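Coordinate inspection notes
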Amino acid sequence: MSGRAWGVLLVLCGAIFLEGIDVAMLNVALPSIREDLEMSTGMLQWVMSAYVLGYGGFMLLGGRAADLFGRRRMFVFWLVVFLLFSGLGGFATEGWMLIVARFVTGVAAAFMTPAGLSIITTGFEEGPQRNKALLVYSGTAAGGFSIGLVVGGLLAAVNWRWVFFAPVILTLVILVAALVLIPKSPRPDREGQGVDLAGALSVTGAILLLVFGVERAAHASAAVTAATIGAGLVLFGVFIAIERRAASPLVRLGIFRSGSLVRANLAGMLFAAGFFGFQFIAVLYLQELRGWSTLQTSFALIVIGVDAILSPTLTPRLVAKFGNARVIFGGLLLAALSYALFLPVGADWTYLAMFPSLIILGLAFSLAYGPLTILATDGVAEEEQGVAGGLLYTSFQFGAALGLSFVATVNIAATDGTSPAALLDGYRAALVVPLVAALVAAVISAFGLRTRSGAGAGDGDTGHVPAPAPDKAVPVEAAR
């Protein structure tokens, strides 16, 4: 790659690093935020869910906007919005203020992230060059999350507000570099094309209603919960109807004829649900039941970041030998094993007892996320790369939101009192949710386990070494 290409990649890596460190720092600061702003467990969950809802809800529109209005333009503009509202979160004096700031920050990331990813997938030739770029990109994302765990603990130990102020400085540096290094491209030809606002609003409303219905299940009647979730499903139906008739649909429904793309998105959604839910409960267990400090929690969870090392080293070799589908399936089984090992968690567990679950989860991420991204974007036309990336990130973030909602609901419903025993009962019940999500994801991915003669095992193999996807900062958001 040329020096200019490396410069562009460096800027994009800086942005995904920023997203990863932003999410990770907030994760370990949640108990401090709860104490200072006097937030309930249900409301605290919305500090995370507001971000992933904004992220997942507007990701499809963000991907389409990158294709229609220019990837550089969308990347730079929404990077500015990300900077402003990330900083504003640090000034919140009420829980709802922080939730609003996180939602807008998530919306900014929803436009910024698919634009950045599509700059890579369209700017680097498919094959070894693109794979190399994506390997560096995903490794940086993983590194951002791992570093964020420690930095977040250090900052939260001083004051949780620094978790929001610190990324502003990094964002400014990335913004200046983006303006200098990312080349301007010709304005895309938008003749006969438009932005499907009706589709974007309907799918966002559907996501909001579904997650809200699940989150309130422990506090509302069965009828209210069913009505809320039913309304969300109706809106999903409206979204599909809109897309069928729209002249310029948010998502061309024909893209779902690809079985590998559908499996990748479903498995990614469930994988994200499991991890975000697991991490939420793990942080509460370590800090509220065990009394660990934010810094101790950060160092305890940092081992999950082993995928920053394994993603660019181990995963490509395994994929070259076994194929995408088998590596994904193995990663999902490892995730299920990780959650199962943590299920009997006790009130006096040593870190050595927790370590197997955490290290196995890091390995699971390194095996699953990269191949999932390849299956979801490989072979997609250049003019739909933004949409394909947006669709995958939507699945990650939607899964994360649902995972957080389910574990919070189960935790609240299963916790009867404030004694250590009662808290432990709630944590154990909630930990069943990630386990079930990982097992269902493994079953879905198993349908892709078929061998092609003369190729790697599993659908979506193209004969070249796939690159891992952006890490748990997505996403996955995803994160994680």
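Residues numbered from 1 in each chain as written. Predicted model: local features only at pLDDT ≥ 70, side-chain atom pairs only at ≥ 80, totals over all residues. Heavy atoms only, no water.

Within the chain one finds 17 helices and zero strands. Per-residue burial for the chain yields a buried fraction of 61% across its 480 residues. Carbon together with sulfur atoms contributes 68% to the accessible area of the chain, which is approximately 17,500 Å² in total. (Helix = DSSP H or I, 4+ residues; strand = E, 2+ residues; numbered from the N terminus. Buried < 20%, exposed > 50% of the residue type's maximum accessible area, 1.4 Å probe, protein only. Areas by Shrake-Rupley, 256 points an atom, 1.4 Å probe, with all protein chains shown as cover.)

Another aspect to go through is the nonpolar core. Counting 143 residues, the largest nonpolar core has I33, F75 and Y285 as the members making the most contacts within it. In this structure F75 touches V11, L12, A15, M112, A115, G116, A178 and I182, once residues within four positions along its chain are discounted. (Core = buried A, V, L, I, M, F, W, Y, C linked by side-chain atoms within 4.5 Å. Contact = heavy atoms within 4.5 Å.)

The next point concerns the packing of helix α2 (residues 41–69) against helix α15 (residues 385–414). Relative to each other, α2 and α15 sit at 165°, their axes nearing to 8 Å. It follows that α2 is roughly antiparallel to α15 by the angle criterion. Relative to α15, the crossing made by α2 is left-handed. Of the residues assigned to the contact of α2 with α15, the class counts are 14 nonpolar, 13 polar and two charged. (Axes fitted to C-alpha atoms, helices over the stretch in contact; angles between N-to-C directions. Parallel < 35°, antiparallel > 145°, perpendicular 65-115°, else oblique. Left-handed = near helix turned anticlockwise from the far one by under 90°. Nonpolar A, V, L, I, M, F, W, Y, C, P; charged D, E, K, R; others polar.)

On to the confidence of the model for the chain, then. Caution is warranted with low-pLDDT regions, since their predicted coordinates should not be read in detail. Averaged over every residue, the pLDDT of the chain is 82; residues scoring 70 or more account for 88%. Per-element mean pLDDT across the chain ranges from 74 in helix α5 (residues 128–158) up to 96 in helix α17 (residues 432–446). pLDDT under 50 marks residues 451–457. Its contacts with residues more than four places away, or in other chains, come to 13 contacts. Here residues 461–480 is modelled with pLDDT under 50, and outside its nearest four sequence neighbours on either side it reaches 109 contacts, counting other chains as well. (pLDDT = per-residue confidence, 0-100.)

In this section: the packing of aromatic side chains. The tally for this structure, following the rule as stated, stands at 16 aromatic pairs. Note on F278 and F342: the rings are 5.2 Å apart at their centroids and 80° apart in plane angle, and the pair reads as edge-to-face. In this pair, F278 is assigned in helix α9 (residues 259–289) and F342 in helix α13 (residues 324–342), connecting sequence segments 64 residues apart. Each of the two residues, F278 as well as F342, counts as buried. (Phe/Tyr/Trp six-rings, centres within 6.5 Å; stacked < 30°, edge-to-face > 60°.)

Take the environment of V180 next. Looking at the secondary structure, you find V180 in helix α6 (residues 162–181). The exposed category is assigned to V180, whose relative accessible area is 59%. Linking V180 and G7, residues 173 residues apart in sequence, is a C-alpha distance of 9.6 Å.

What follows is about the pattern of salt bridges. Summed over the entire model, instances satisfying the criterion amount to three salt bridges. With a closest N to O distance of 3.9 Å, D36 and R161 form a salt bridge. Of the two residues, D36 is situated in helix α1 (residues 3–37) and R161 in the loop between α5 and α6; the sequence distance between them amounts to 125 residues. (Salt bridge = Lys/Arg side-chain N within 4 Å of Asp/Glu carboxyl O.)

In a regular helix each residue adds 1.5 Å, so 20 residues correspond to 28 Å; α6 covers 29 Å between its end C-alpha atoms and thus fits that length. Listing the buried residues of α6 in full gives V163, F164, P167, V168, T171, I174, L175 and A178. (Expected span 1.5 Å × (residues − 1).)

Glancing now at the side chain of S202. As for its position among the elements, S202 is in helix α7 (residues 197–215). In contact with S202, not counting residues within four places along its chain, are L235, V238, F239 and I242.

Structurally, the position occupied by R102 is in helix α4 (residues 95–123). Along the backbone, R102 and L88 are 14 residues apart, and their C-alpha atoms lie at a distance of 9.2 Å. Those residues in contact with R102 that lie beyond four places of it in its chain are D22, L26, V47, A50, Y51 and F164.

Moving on to α15. Look at α15: 43 Å from first C-alpha to last across 30 residues, which is about the 44 Å you get at 1.5 Å a residue. In terms of burial, α15 is largely enclosed, as 25 of its 30 residues are buried.

With that settled, the discussion passes to the environment of I304. Assignment of secondary structure puts I304 in the loop between α10 (294–301) and α11 (307–310). Separated by 58 residues in sequence, I304 and G362 place their C-alpha atoms 4.1 Å apart.

Moving on, we get to unusual backbone geometry. Phi angles above zero are rare outside glycine, and E38 is one such case at about 55°. Along the chain, the position of E38 falls in the loop between α1 and α2.

This paragraph deals with the packing of helix α16 (residues 420–430) against α17. Relative to each other, α16 and α17 sit at 10°, their axes nearing to 4 Å. By the angle between their directions, the pair α16 and α17 is classed as roughly parallel. Mapping the contact onto sequence places R428, A429 and A430 in α16 and V432, V433 and P434 in α17. A class-by-class count of the residues in the contact of α16 with α17 yields five nonpolar, no polar and one charged.

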